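Take a look at the letters that make up each chain.
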Amino acid sequence: NLNFHPAGRHFLQIPGPSPVPDRILRAISYPTIDHRGPEFGALGRQVLAGIRAIFKTQHPVVIYPASGTGAWEAALTNTMSPGDAVLMYETGHFASLWKKMAERLGLEPEFLGLPGIEGWRRGVQADLIEQRLQADSAHRIKAVCVVHNETSTGVTTDIAAVRRAIDRARHPALLMVDTISGLASADYRHDEWGVDVTVSGSQKGLMLPPGISFNALSPKALAASRVARLPKAFWAWDEIVEMNSTGYWPYTPNTNLLYGLAEAMDMILEEGLDNVFARHLRLGAACRQAVRAWGLEIQCVEEACHSPVLTGVMMPAGVDADRVRKLVYEHFNMSLGAGLGKLKGRMFRIGHLGECNDLTLMATLSGCEMGLGLAGVALQGSGVVAAMAHLQSTAQATARYP
Ligand code: PLP
């Protein structure tokens, strides 16, 4: 009988949802309050002000009781009109899903990128965007949409370079960025990078359960929303932004997740946002040392674009990555991310985001190494030893023994 409860905690090492820290779980467990009452207004004002620091913006951030997909839809329906051309860039599975949504909404998305899986191994090439915008002298393209941290591949894109490309082309298109899996793990700067709409979600770097998502806005995006003609009701920014100014929502918000959000922001700001980014960069580097020592290929082939959030591990020919994941789950009580879309069965993804620390990563890599062994994958060496050496040589105290 294998249906008993396995000992120890489950290792949820997929690239989101990430494990929810006890502090946040406790905050979420407080009693639900009247969302029109005075206590709620204080909570609303607190989270709406605090979240701006996480996005690095002075402008409104809308919080929806919805998954990230809803916030994608909100970004498009608030700013676009039927038949508008949008320039999107194929970095992976999530970029493809956002494009599919644009088609369903009656927009005309155009997909840039390299063919096959080559484009799924690199960040956005901003010069391709610049060339395409330069050719669009009639300004038919109304938005450029890119994914900052492509969760399906482990590739991060230089958003400032995309902004520069749009500016060099002197093109008025809005810049919309999905950082659903990047926010609060990978460096992100909504205002400084000139992003018009940033889309994000709760269940990754913010360490919350799934269930809330975000649109960070620019004044230009708000102006576009006043003339855009796609139908919008639940997602409409105007009512939400107006009611948010006093800390309330036009409908029932996700009260308990907002308690969790307040707690998550406290934790992130206590550690310091830049320290959070540095921790993720270091864990990502250690994880890649492990993959290289195993003699396996990393999905991302551009040195500057390795994601600090997750690492995609390619399998040698003939090895089914989903079988490795199944063995790891069955023997070590750990979930790894599957290969998505074009990469199904060809790779697995190791999440190292959110609450992850040195020992979480070491345990995770041990489970991967043992699972690869059980699957009969011939490894060149020990990734665990290589990652440990990296973590040890870059170790930093995070607490003081009294
Ligand atoms: N975009 C990216 C980059 C994602 O990683 C995800 C989910 O993993 C989504 C969009 C969709 O978000 P959700 O599943 O919360 O709707």
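Thresholds applied
- Residues numbered from 1 in each chain as written.
- Predicted model: local features only at pLDDT ≥ 70, side-chain atom pairs only at ≥ 80, totals over all residues.
- Helix = DSSP H or I, 4+ residues; strand = E, 2+ residues; numbered from the N terminus.
- Rg over C-alpha atoms; globule rule 2.2 N^0.38 Å.
- Buried ≥ 20, exposed ≤ 12 C-beta atoms within 10 Å, placed from the backbone.
- UniProt positions renumbered as here; feature names shortened; annotations may be inferred.
- Near = placed C-beta within 6 Å.
- Nonpolar A, V, L, I, M, F, W, Y, C, P; charged D, E, K, R; others polar.
- Domains from an automatic or database assignment.
- Core = buried A, V, L, I, M, F, W, Y, C linked by C-beta atoms within 7 Å.
- Contact = placed C-beta atoms within 7 Å.
- Pairing = 2+ DSSP bridges.
- Axes fitted to C-alpha atoms, helices over the stretch in contact; angles between N-to-C directions.
- Left-handed = near helix turned anticlockwise from the far one by under 90°.

K.L.:
Go over the overall build of the chain with me, naming the residues and quoting the values.
P.N.:
Within the chain one finds 13 helices and 14 strands. Taken over C-alpha atoms, the radius of gyration comes to 21 Å for the chain, in line with the 21 Å a tight globule of 402 residues would show. Reported as C-alpha extents along the three principal axes, the dimensions of the chain are approximately 60 × 55 × 45 Å. Counting over 402 residues, the chain shows a buried share of 49%.

K.L.:
Break down the UniProt feature "domain: Aminotransferase class V" (unreviewed entry) in the chain for me, citing the residues and quoting the values.
P.N.:
Mapped onto the present numbering, the UniProt feature "domain: Aminotransferase class V" (unreviewed entry) falls on residues 35-335. Secondary structure within residues 35-335 divides into 43% helix and 16% strand; the distance between the first and last C-alpha atoms comes to 36 Å.

K.L.:
How would you summarise the site of the ligand if you had to cite specific residues and measurements?
P.N.:
Looking at the ligand, the residues that line it are Gly16, Ser67, Gly68, Thr69, Phe94, Val147, Thr151, Asp178, Ile180, Ser181, Gly201 and Pro210. Residues of the shell around the ligand, tallied by class, amount to four nonpolar, seven polar and one charged.

K.L.:
Which residues make up unusual backbone geometry, and what are the values?
P.N.:
Of note, the bond from Gly16 into Pro17 is cis; its omega dihedral lies within 30 degrees of zero at -5°. When you line up the elements, Pro17 lands in the loop between strand E1 (11-13) and helix H1 (22-28). One non-glycine residue, His139, lies in the positive phi region at around 55°. Relative to the elements of secondary structure, His139 occurs in the loop between helix H5 (126-135) and strand E5 (141-147). Judged by the 12 C-beta atoms lying within 10 Å of it, His139 falls in the exposed class. With a phi angle near 65°, Ala184 is a residue other than glycine that sits in the positive phi range.

K.L.:
Please provide a residue-by-residue account of the domain arrangement of the chain, values included.
P.N.:
Under the domain assignment used here, the chain contains domain 1 (11-18 + 272-393) and domain 2 (22-269). Centre-to-centre separation of domain 1 and domain 2, based on C-alpha positions: 27 Å. Listed by contribution, the elements that provide at least two residues to the side of domain 1 that touches domain 2 are helix H10 (273-294) and strand E12 (310-314). The element that contributes the greatest number of residues to the side of domain 1 that touches domain 2 is H10, accounting for four residues. For the side of domain 1 that touches domain 2, the residue count by class is 14 nonpolar, nine polar and four charged.

K.L.:
Give a description of the nonpolar core that names residues and reports values.
P.N.:
Formed by 113 residues in total, the largest nonpolar core has its most connected members in Ile129, Val144 and Val162. Examining the composition of this core, we find that eight residues originate from one element, H10, more than from any other. For this core, the domains that each give at least three residues are domain 1 (11-18 + 272-393) and domain 2 (22-269). Setting aside its immediate chain neighbours within four residues, Val144 contacts Leu87, Ile129, Val162, Ile166, Ala173 and Leu175.

K.L.:
Tell me about the pairing of strand E14 (residues 347-351), residues and numbers included.
P.N.:
With five of five residues buried, E14 is to be regarded as a mostly interior element. Here E14 shows no split at all, with Met347, Arg349 and Gly351 on one side and Phe348 and Ile350 on the other all buried. For E12 and E14, the ladder comprises five bridges, and the chain directions are antiparallel. The partner of Thr311 across the bridge, within E14, is Ile350. Of the strand pairs in this sheet, strand E13 (residues 334-338) and E14 are connected by two bridges, and their pairing is antiparallel. Considered in E14, the bridge of Gly337 is made with Arg349.

K.L.:
Before we move on, can you summarise the packing of H10 against helix H13 (residues 383-393) with the specific residues and values?
P.N.:
It is the contact of H10 with H13, at a shortest axis distance of 7 Å, that shows an interaxial angle of 150°. The element H10 and its partner H13 pack so that their crossing is right-handed. Counting all contacts with H10, which are made through Ala285, Ala286, Cys287, Gln289, Ala290, Val291, Ala293 and Trp294, the residues of H13 involved are Gly383, Val384, Ala386, Ala387, His390 and Leu391. Partitioning the contact of H10 with H13 into residue classes produces 11 nonpolar, three polar and no charged.

K.L.:
I'd like a rundown of the sheet that holds E1, residues and numbers included.
P.N.:
One open sheet holds the five strands; their spatial order is E1-E13-E14-E12-E11, and the pairing between them is mixed. Each edge of the sheet is formed by a strand with only one pairing partner; in this case those strands are E1 and strand E11 (297-298). Contacts from H10 reach E11, E12 and E14, with the element oriented near 10° to E12. Across the sheet, helix H11 (residues 321-332) lies against E13 and E14, angled at about 165° from E13, the strand it touches most.

K.L.:
Could you give an account of the pairing of strand E2 (residues 61-64), naming the residues involved and the relevant values?
P.N.:
Burial of E2 is two-sided: the residues Val61 and Ile63 facing one way and the residues Val62 and Tyr64 facing the other way are all buried. Where E2 lies against strand E10 (residues 213-217), four bridges are found, and the strand directions are antiparallel. Considered in E10, the bridge of Ile63 is made with Phe214.

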